[in-house]
Amino acid sequence: SRIDELVKRILPLIAATIDDRSWRVRWTAASKFADVVHAFKTLHGAMDALVPNYEKLLQDPEAEVRTAATYNLSEVAKTEAVVYPAGWSGAGSDSDNGMDIDGNDDNNNTHRIPVARRLVTRLVGLTEDDSVNVRAALAMVATELAPLLGRDASVSNLLPPMLLLLRDSSSEVRLNIISSLSLLNDVIGTDLLHQSLLPAILDLADDGKWRIRLAVIERIPLLAKQLGSDFFDDRLLGLCVGWLGDDISSIREAAAKNLQELTSLLGTEWSVQNLFPRVRQVMEHPSYLRRMNAVQAAALMATAMDVNSAQNEVLPILLEMHYDPVPNVRFNVAKGLGIVGAVFDRSVYQGQIIPILTLMENDPDRDVRYFASNTKELLSVAFEKST
């Protein structure tokens, strides 16, 4: 037919770009290969010709080409076509030039497999690639194969290379795989992931680069959404609260916001049972910096709790901290009351918060007096508006 004739003419041209001497031509082919595959996927014999050539791009001598091809992995795999397994002797498609579409045909698709099933066998090789960019690209897209493969094939063929990426020497690779685990988790379940995921997070949490530690903190709420409260065992809970004592102020601030987000995502009851007791312990730490950060975190967490729990669990501890001997802690109590005070009703405001702020207005330290007065004024305006 005219379509078969067209395929026979065009596919060799595509093969020529993949074998071109210029890496920039091959890079362009790799970058656009998903579009090519989707354009040709319904044409007879095309996928048996295209997929082997895509695999050549994944093994290209130039790292830039391999990276571009890897970024397209999931999109190529999402084609609904079926192809012969790699090395299948009955397929004319895997001839030396990769573009012979006149070979033996299997009309009943007896021996053909989905494209994702064929490509997943290439993943282990990619996890060992010398280029960190290739491995980082793989970490971003590989888990998208899980829904295409199903649970059994994901456990057998996809999980092993993903676990290798979780132990990769590059923190960027490990971060990328942690950020993209939701699809894999949806298919294979949390239990199989937990054993290998937690060590990777713990390693990243101790990374010498503070920006890596910050990136891990920012991904914790994502993991909470993906994996639920069962994922947070004692070590991870200790890690989340332990970041309040990091040497970098940006990390400490992010840690406090992280505890607020976890409270919002996993619920008041979970937070009161698992998180807040640990934050209370930090409020008793010898370091005033840790006590100060714990006060900030407690105030933020209270805004994400139901009002009764915030009033009964957090507010008394927060008010008690105004006795702290260090002014920095005391004025953060005043600031914290400004954050959380408006969530309570007027009786709590007048009966518990105002008396403490009035005492703090007479504090020996100038900054404490300033923040106490400022908070008192802000809350007064807020409660006037509410009436």
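Up top you'll find the structure we're talking about.
Within every chain, residues take consecutive numbers counted from 1 along the sequence as written. Residues qualify for local features only when their pLDDT is at least 70, as the model is predicted, and side-chain atom pairs are given and counted only at 80 or more; totals for whole chains, interfaces and linings, by contrast, use all residues. Only hydrogens and water are set aside when side-chain values are computed; all heavy atoms of the structure are taken into account.

Q: Residue-level account of the overall build of the protein, with values.
A: Under the scheme used here, helices are H or I runs from DSSP no shorter than 4 residues and strands are E runs no shorter than 2 residues, and both carry numbers assigned from the N terminus. Check the secondary structure of the protein and you find 22 helices and two strands. Whether two residues touch is decided by their heavy atoms; if any such pair falls within 4.5 Å, the residues are in contact. Across the protein, every contact between residues at least 6 apart in sequence was considered, and the portion connecting residues at least 24 apart equals 69%. Counting only carbon and sulfur atoms, one obtains 48% of the accessible surface of the protein, whose full area is about 18100 Å². His is not counted, nor are the chain ends, whereas Lys and Arg count as positive and Asp and Glu as negative. Charged groups are reduced to one reference atom each: NZ for lysine, CZ for arginine, CG for aspartic acid, CD for glutamic acid. Looking at the protein, you have 38 positive and 51 negative side-chain charges, and the mean spots of the two groups are 4 Å apart. All accessible-area figures derive from a Shrake-Rupley calculation using a 1.4 Å probe, and residue coverage is judged against the displayed protein chains alone.

Q: Can you lay out the packing of helix 18 (residues 288-303) against helix 19 (residues 307-320) for me, pointing to particular residues and giving the numbers?
A: Orientation is described by axes fitted as lines to C-alpha atoms, over the contacting stretch for helices, and by angles from 0 to 180 degrees between their N-to-C directions. As a packed pair, helix 18 and helix 19 sit with axes 10 Å apart at the nearest point and diverge in direction by 160°. One finds that helix 18 runs roughly antiparallel with respect to helix 19. For helix 18 against helix 19, the interelement crossing comes out left-handed. Side by side, helix 18 and helix 19 meet where Val295, Ala298, Ala299 and Ala302 of the first sit next to Ala310, Val314 and Leu318 of the second. Gly counts as polar in this scheme, as do all residues outside two lists: the nonpolar Ala, Val, Leu, Ile, Met, Phe, Trp, Tyr, Cys and Pro, and the charged Asp, Glu, Lys and Arg. Here the contact of helix 18 with helix 19 is built from residues that sort into seven nonpolar, no polar and no charged. An angle below 35 degrees is treated as roughly parallel, one above 145 as roughly antiparallel, one from 65 to 115 as roughly perpendicular, and anything else as oblique. A clockwise turn of the near helix away from the far one marks a right-handed crossing, whereas an anticlockwise turn of less than a right angle marks a left-handed crossing.

Q: Now, about the nonpolar core: what can you tell me, with residues and values included?
A: We call a set of buried residues a nonpolar core when its members are Ala, Val, Leu, Ile, Met, Phe, Trp, Tyr or Cys and they connect through side-chain atoms within 4.5 Å of each other. For each residue, the accessible area found with a 1.4 Å probe, counting protein chains only, is set against the maximum for its type, and the residue is called buried under 20%, exposed over 50%, and partly exposed in between. Residues Leu123, Ile201, Phe232 and Trp243 are the most contacted members of the largest nonpolar core, which totals 130 residues. Those residues in contact with Trp243 that lie beyond four places of it in its chain are Ala205, Val216, Ile217, Ile220, Ile251, Arg252, Ala255 and Asn258.

Q: So what's going on with the environment of Leu73? Which residues, and what values?
A: Mapped onto the elements of the fold, Leu73 is located in helix 5 (residues 73-77). Separated by 82 residues in the primary sequence, Leu73 and Val155 have C-alpha atoms spaced 19 Å apart. When neighbours within four sequence positions are excluded, Leu73 is seen to be in contact with Tyr54, Leu58, Leu119, Leu123, Leu138, Val141 and Leu145.

Q: Summarise the environment of Phe232; cite the residues concerned and give the values.
A: In this structure, Phe232 sits in the loop between helix 14 (210-227) and helix 15 (234-242). Taking C-alpha positions, Phe232 is 40 Å from Leu57, a pair spaced 175 residues apart along the chain. Once residues lying within four places of it in the same chain are set aside, the contact partners of Phe232 are Ile220, Ala224, Leu237, Cys240, Leu262, Leu266 and Trp270.

Q: Outline the pattern of salt bridges, supporting the account with residue identities and numerical values.
A: Salt bridge criterion: a side-chain nitrogen from Lys or Arg within 4 Å of a carboxyl oxygen from Asp or Glu. Within this structure, the stated rule accounts for 14 salt bridges. The closest approach of N and O atoms between Arg330 and Asp363, which form a salt bridge, is 2.8 Å. Pair noted here: Arg330 is in helix 20 (residues 327-340) and Asp363 is in the loop between helix 21 (346-360) and helix 22 (366-386), with a separation of 33 residues, a long-range link. Overall, the relative accessible area of 10% leaves Arg330 in the buried class. A cluster of three or more residues bridged by salt bridges with shared partners is formed by Glu55, Arg118 and Arg122.

Q: Residues and numbers for the environment of Met47, please.
A: As for its placement among the helices and strands, Met47 is situated in helix 3 (residues 46-58). C-alpha of Met47 to C-alpha of Val115: the two residues are 68 residues apart in sequence and 8.6 Å apart in space.

Q: Can you lay out the side chain of Asp363 for me, pointing to particular residues and giving the numbers?
A: By relative accessible area, Asp363 is classed as buried at 10%. Polar contact is the term for a pair of N or O atoms within 3.5 Å; when the atoms are in protein, one must be able to donate a hydrogen and the other to accept it, and sequence-neighboring residues count only if both atoms are side-chain atoms. Here Arg330 takes part through its side chain, which lies 2.8 Å from a polar atom of the side chain of Asp363. For Asp363, the contacting residues outside a window of four places in its chain are Arg330, Val368 and Arg369.

Q: So what's going on with helix 19? Which residues, and what values?
A: Multiply 1.5 Å by the residue count of a helix minus one, and that product is the helix's expected span. When the terminal C-alpha atoms of helix 19 are compared, their 19 Å separation across 14 residues agrees well with the 20 Å that a helix rising 1.5 Å per residue should span. Bend angle per residue: angle between axes fitted to the 7 residues ending at that residue and the 7 residues starting there. Bending of helix 19 peaks at approximately 40° at the position of Val314, with proline Pro316 no more than four residues after it. Along helix 19, the residues classified as buried are Ser309, Ala310, Val314, Leu315, Ile317, Leu318 and Leu319. In this structure, the buried residues of helix 19 make contact with helix 17 (268-282), helix 18, helix 20 and helix 21.

Q: Go over the packing of aromatic side chains with me, naming the residues and quoting the values.
A: Only the six-membered ring of Trp is used, alongside the rings of Phe and Tyr, when aromatic pairs are assigned; centres must lie within 6.5 Å, and planes under 30 degrees apart are stacked while those over 60 apart are edge-to-face, with the rest tilted. Throughout the structure, instances matching the rule amount to five aromatic pairs. Both rings, one in Tyr370 and one in Phe371, keep their centres 5.1 Å apart while their planes meet at 75°; by these two values the pair is edge-to-face. Taken together through their ring pairs, the aromatic side chains of Phe331, Tyr370 and Phe371 make up a single cluster. When the NZ atom of lysine or the CZ atom of arginine is within 6 Å of a ring's centre and also within 35 degrees of its normal, the charge is said to sit over that ring. Lying across the ring of Phe371, Lys335 places its NZ or CZ 5.2 Å from the centre.

Q: Tell me about the side chain of Asn258, residues and numbers included.
A: With respect to the helices and strands, Asn258 occurs in helix 16 (residues 249-266). Sequence-distant contacts of Asn258, that is, excluding residues within four places in its chain, are made with Ile217, Ile220, Pro221, Cys240 and Trp243.

Q: Now, about helix 2 (residues 23-40): what can you tell me, with residues and values included?
A: Taking 1.5 Å of rise per residue, 18 residues should cover 26 Å, and helix 2 covers 24 Å from first to last C-alpha, within 8% of that figure. The principal kink in helix 2, of about 55°, is found at Lys32. Those residues of helix 2 that sit buried are Arg26, Ala29, Ala30, Phe33, Ala34, Val37 and Phe40.

In short, the description is geometric, and any link to function would need to be established separately.
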